[in-house]
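Structure at a glance
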Amino acid sequence: QVQLVESGGGLVQAGGSLRLSCAASGLTFINYSMGWFRQAPGKEREFVARISSNGGRTYYAEFVKGRFTISRDNAKNTVYLQMNSLKPEDTAVYYCAARQGYGGVSSSLYGYWGQGTQVTVSS
């Protein structure tokens with residue numbers, strides 16, 4: 001049974017930082033590219049960042065470029081999202097997701113999802 005478990009969310013002031021983690025089990029982690037998505041209240045889920053299976057390629061949504069960094073540790077079956085210079089508009093539930101293959105920003109490409117972790121940025 002595949003499980004993706006996010007952690008690291010919380011309440012932070014604008015300009016602050018958080019690091020999200022997503023621990024994977026039940027799959028051969030190195031065979032999967034990983035993505036982070038987010039969903040704010042009343043809005044659709046949107047792509048944030050993705051990383052290839054070996055960590056060699058990354059891609060970011062324009063609105064997080066230069067502020068967020070995605071990384072992974074295949075020895076620990078974990079993907080991370082380092083979020084700096086947080087803004088109130090970053091407030092959302094953040095989800096990690098896994099897929100075979102790489103590329104694209106559609107959530108429909110990802111077959112496995114975590115339960116999400118809340119990030120709240122106060123002004």
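Everything below is about the structure printed above this text.
Residues numbered from 1 in each chain as written. Predicted model: local features only at pLDDT ≥ 70, side-chain atom pairs only at ≥ 80, totals over all residues. Heavy atoms only, no water.

Another point: the pattern of salt bridges. According to the stated counting rule, one finds four salt bridges in the structure shown. For the salt bridge of R38 with E46, the shortest nitrogen-to-oxygen distance reads 2.7 Å. Residue classification places R38 among the buried positions, given a relative accessible area of 5%. Note that D90 is salt-bridged to R38, the shortest N-O span being 2.9 Å. Placement of D90 in the loop between β8 (78-83) and β9 (92-99) and of R38 in strand β4 (residues 33-39) is noted, with a sequence separation of 52 residues between them. Residue D90 shares its accessibility class with R38, and that shared class is buried. One salt-bridge network, held together by shared partners, links R38, E46, R67 and D90. (Salt bridge = Lys/Arg side-chain N within 4 Å of Asp/Glu carboxyl O. Buried < 20%, exposed > 50% of the residue type's maximum accessible area, 1.4 Å probe, protein only. Helix = DSSP H or I, 4+ residues; strand = E, 2+ residues; numbered from the N terminus.)

In this section: unusual backbone geometry. For N77, which is not a glycine, the phi torsion comes out positive at approximately 55 degrees. Summarising the element assignment, N77 is placed in the loop between β7 (68-73) and β8.

Right, let's get into the state of the cysteines. Disulfide: a covalent bond connecting the sulfur atoms of a pair of cysteines. Summed over all chains, the structure comprises one disulfide. Put simply, C22 and C96 are joined by a disulfide, and their sulfur atoms are 1.9 Å apart. Looking down the S-S bond of the C22 and C96 bridge, the torsion is 45 degrees, so its handedness is right-handed. Of the two residues, C22 sits in strand β3 (residues 18-25) while C96 sits in strand β9, which places them 74 residues apart along the sequence. The pair C22 / C96 is uniform in exposure class, with both members buried. (Disulfide = S-S within 2.5 Å.)

Burial of the side chains of strand β11 (residues 117-122) is restricted to one face: T117, V119 and V121 are buried, whereas none of Q118, T120 and S122 on the reverse face is. Summarising the sheet, strand β2 (residues 10-13) and β11 pair through four bridges and their orientation is parallel. Pairing of G10 across the sheet is with V119, part of β11. Looking at chain direction, β9 and β11 are connected through three bridges and run antiparallel. Within β11, the residue paired with A92 across the bridge is V119. (Pairing = 2+ DSSP bridges.)

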